[in-house]
Amino acid sequence: MKIKVGVLFGGRSVEHEISIISAVQAMAAFDKEKYDVVPIYISKDDKFYTGEILKNIEEYRDIPNIIKKSQRVILQNDEGKVKLYLHPMKLFKKEVDYIDVAFPVVHGTNVEDGCLAGFLHMLDIPYCECDVLSSAVGMDKFAQKAILKEYGIPVLPAKCFDMKKYNKNQKTILEDIEKDIEYPMIVKPINLGSSVGIRKVKNREELEDAIDYGFEFSLRVLVEHAVEPLREINCSVLGDYEYAKPSECEEPINADEILSYQDKYLSGGKSGKDGKTGSKGMSSTKRKLPADIPQDTKEKIQEYAVDAFKALGCNGVVRIDFLLNDETKEIWFNEINTTPGSLSFYLWEATGVSFADLLDEVVNLALKRKREEDTVTYSFDTNVLAGIKLGGSKGKV
Ligand SMILES: Nc1ncnc2c1ncn2[C@@H]1O[C@H](COP(=O)(O)OP(=O)(O)O)[C@@H](O)[C@H]1O
Ligand SMILES: [Mg+2]
């Protein structure tokens, strides 16, 4: 019997559209001899939809229309099987489909940050991504640095603060930043992706503006030194806590100082028939693949990538991005993408792993984790409630 894999994508995130591209690419790449792919699109207002039409990228030019033509569903675990039920419920045709395994292809806040992992965990279904903790840490650029520092992985020192604290103590915070961090600096929202809200600054005035700008996108921002002259090197990792392997390294090429949304998703895509972009998501970024770096630098980056993957407790396929100072040759961990754009399939193809095999390995890792989790006891027989009476304390413990 084929495995029914539910591919979940979209969601309430600024990277909604990129997730659609990544997911449609993945849905097309699954080995159809082995898998039945069930698309599950999460709209920007968190509603779930399914239907064959959701596999066709062209249809997404008109999102209200594609929503109209698909079926709204809710997911529920019924006696050990996760089913897709029509919403609102109909008298006779209730169950639309079912899935054996969930494969989230989501980017950004409210989905990739552990929210969707938590939802799937509660559904008690194997799911193909990092668990709640590693997804949440993976979305927080400050938390991940703090953990990786403990593990001896080089991270740039950073200052992180929230909007209220900043508004109250602006002068002290700015002085504190300037005391410890040299210009030029990078200011970024703590939990976004796709370069949204990020600025490079050279003086106090620009710093203040960039912080205000960052707060438009997140309630916390992070400031760190900007590496110059910069080369960016990315490496994907596939595995789990026991065994993880690095991919070939890539060097994305940017048109501006900061690798922008434009660079990442729009620069390499051919024009579509309607003259709009024909973006292929992260796989359309202009890049050098393999990155043109010395063998020992590559091996060091791959080693840090695997160490970071394990330190953060990841599972499945992730991409880890590094900053390389082209003069001093220092390497810094920059950030992790726990669900990378295009699932980094192009990095694995360059490593000799086909997209179909990559997806297959990720599914197997999720099944393995679920089997292991199922050996843990979550209930505890107790008679603590037998004969319980609530006294004057109204049951407070
Ligand atoms: N410390 C830094 N020094 C130089 N450039 C940086 C630094 N941090 C980020 N950048 C630039 O900004 C881009 C986006 O930052 P990043 O932390 O990767 O956020 P995002 O999650 O939005 O991709 C990077 O790809 C790089 O071009
Ligand atoms: Mg990045």
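The shown structure was predicted, so the numbers you read here are calculated from the model rather than taken from an experiment.

So, how was this worked out
Sequence positions are assigned chain by chain, starting from 1 and proceeding in written order. Just so you know, chain letters begin at A and ligand numbers begin at 1, following the order they were written in. With the structure being a predicted model, the display of local features is reserved for residues of pLDDT at least 70 and the display and counting of side-chain atom pairs for 80 or more, all residues being used for whole-chain, interface and lining totals. Computation of side-chain values: all heavy atoms of the structure, hydrogens and water removed. For this purpose, a residue is taken to be near a molecule or strand whenever a single non-hydrogen atom of the residue falls within 4 Å of it. We call two N or O atoms a polar contact when they sit within 3.5 Å, provided that within protein one can donate a hydrogen and the other can accept it, with sequence-adjacent residues counted only if both atoms are side-chain atoms. Computed with the Shrake-Rupley method and a 1.4 Å probe, the accessible areas treat only the protein chains shown as cover for residues. Only DSSP runs of H or I with at least four residues qualify as helices, and only runs of E with at least two residues qualify as strands; both kinds are numbered from the N terminus onward. The classification used treats Ala, Val, Leu, Ile, Met, Phe, Trp, Tyr, Cys and Pro as nonpolar, Asp, Glu, Lys and Arg as charged, and all other residues, Gly among them, as polar. The disulfide definition used here is simple: a pair of cysteine sulfur atoms within 2.5 Å. The buried label applies to any residue whose accessible area, calculated with a 1.4 Å probe on protein chains only, is under 20% of its type's maximum; exposed applies above 50%, and partly exposed to all values in between. The span expected for a helix works out to 1.5 Å for each residue beyond the first. Two strands are said to pair when DSSP picks up at least two bridges between them. Structural elements are reduced to axes, namely lines fitted to C-alpha atoms, with helices fitted over the stretch in contact, and the angle between N-to-C directions of any two is expressed from 0 to 180 degrees. Should any heavy atoms of two residues lie within 4.5 Å, those residues are considered in contact. Note on aromatic pairs: the rings of Phe, Tyr and Trp (six-membered ring only in Trp) are paired at centre separations within 6.5 Å, and the planes decide the class, stacked below 30 degrees, edge-to-face beyond 60, tilted for the rest. Counting as a charge over the ring demands two things of the Lys NZ or Arg CZ atom: a distance within 6 Å of the ring centre and an angle within 35 degrees of the ring normal. Should an angle lie under 35 degrees it is considered roughly parallel, over 145 roughly antiparallel, and from 65 to 115 roughly perpendicular; all remaining angles are considered oblique. By definition, any crossing whose near helix is turned counterclockwise from its far helix by less than a right angle is left-handed, and any crossing with a clockwise turn is right-handed.

Draft legend 1. Up close: the site of ligand 1. Within the structure, ligand 1 sits among 21 residues, and Lys141, Lys188, Ser195, Glu232 and Lys264 are positioned closest to it. Between Lys141 and ligand 1, the recorded distance is 2.5 Å, taken from a side-chain N or O atom to an oxygen atom. One nitrogen or oxygen atom from the main chain of His225 is found 3.0 Å from a nitrogen atom belonging to ligand 1. Protein chains bury 98% of the 540 Å² of accessible surface belonging to ligand 1 in isolation. Elements supplying a minimum of two residues to the shell around ligand 1: strand 9 (185-189), strand 11 (220-225), strand 12 (230-239) and strand 18 (331-337). The residue makeup of the shell around ligand 1, split by class, is ten nonpolar, five polar and six charged.

Draft legend 2. Representation of the state of the cysteines. This structure, assessed with the given rule, holds zero disulfides. Free cysteine Cys128: the closest other cysteine sulfur is in Cys130, separated by 11 Å. The class for Cys128 is buried, based on a relative accessible area of 4%. For Cys235, which is in no disulfide, the shortest distance to another cysteine sulfur is to Cys249 and amounts to 4.2 Å.

Draft legend 3. Local environment of helix 1 (residues 16-29). Taking 1.5 Å of rise per residue, 14 residues should cover 20 Å, and helix 1 covers 20 Å from first to last C-alpha, within 8% of that figure. Of all 14 residues in helix 1, twelve are buried, a share of seventy percent or more. Along helix 1, the positions that sit buried rather than exposed are His16, Ile18, Ser19, Ile20, Ile21, Ser22, Ala23, Val24, Gln25, Ala26, Met27 and Ala29.

Draft legend 4. Spotlight on the sheet that holds strand 1 (residues 3-10). Spatially, 6-5-4-3-2-1-7 is the arrangement adopted by the seven strands of the open sheet, whose pairing is mixed. Every other strand in the sheet has two partners, leaving strand 6 (95-99) and strand 7 (101-105) as the edge strands with one partner each. The mean inter-strand angle of the sheet, taken between neighbouring strand axes irrespective of direction, is 35°. Of the strand pairs in this sheet, strand 5 (residues 81-86) and strand 6 are connected by four bridges, and their pairing is antiparallel. The partner of Tyr85 across the bridge, within strand 6, is Glu95. Along the sheet, helix 1 contacts strand 1, strand 2 (35-42) and strand 7; its crossing angle with strand 1, the most-contacted strand, is approximately 160°.

Draft legend 5. Highlighting unusual backbone geometry. Residue Pro229 follows Glu228 across a cis peptide bond; omega there is -10°. Position of Pro229 among the secondary structure elements: in the loop between strand 11 and strand 12. The omega torsion of the bond from Leu289 to Pro290 falls at 0°, within 30 degrees of zero and hence cis. As for its position among the elements, Pro290 is in the loop between strand 16 (287-288) and helix 10 (295-311). Unlike most non-glycine residues, Asn110 shows phi in positive territory, near 70°. Looking at where Asn110 falls in the secondary structure, it is placed in the loop between strand 7 and helix 3 (115-123).

Draft legend 6. Geometry of the packing of aromatic side chains. Under the definition given, this model contains 13 aromatic pairs. Here Phe48 and Phe119 contribute two aromatic rings whose centre-to-centre distance is 5.6 Å and whose plane-to-plane angle is 70°, an arrangement assigned as edge-to-face. Pair noted here: Phe48 is in strand 3 (residues 48-50) and Phe119 is in helix 3, with a separation of 71 residues, a long-range link. Judged by relative accessible area, Phe119 falls into the partly exposed class, the value being 32%. Members of the aromatic cluster, joined through ring pairs, are Phe9, Tyr41 and Tyr60. The lysine or arginine in question, Lys4, covers the ring of Tyr98, its NZ or CZ lying 5.1 Å from the ring centre.

Draft legend 7. Broad picture of the sheet that holds strand 17 (residues 316-325). Across the sheet, which stays open at both edges, the five strands sit in the order 16-13-12-17-18 with antiparallel pairing between neighbours. Each edge of the open sheet is held by one strand with a lone partner, namely strand 16 and strand 18. When strand 12 meets strand 17, the two strands line up antiparallel, connected through ten bridges. Counted as the bridge partner of Ser236 is Arg319 from strand 17. Across the sheet, helix 12 (residues 355-373) is in contact with strand 12, strand 13 (244-252) and strand 17; its angle to strand 12 comes to roughly 60°.

Draft legend 8. Molecular detail of the packing of helix 7 (residues 170-180) against helix 8 (residues 204-215). At a closest axis distance of 12 Å, the pairing of helix 7 and helix 8 adopts a crossing angle of 120°. When the axes of helix 7 and helix 8 are compared, the pair comes out oblique. Along this stretch, helix 7 crosses helix 8, giving a crossing that reads as right-handed. Together, Gln170, Leu174, Glu175, Ile177 and Glu178 of helix 7 and Arg204, Leu207, Glu208 and Ile211 of helix 8 make up the contact between the two elements.

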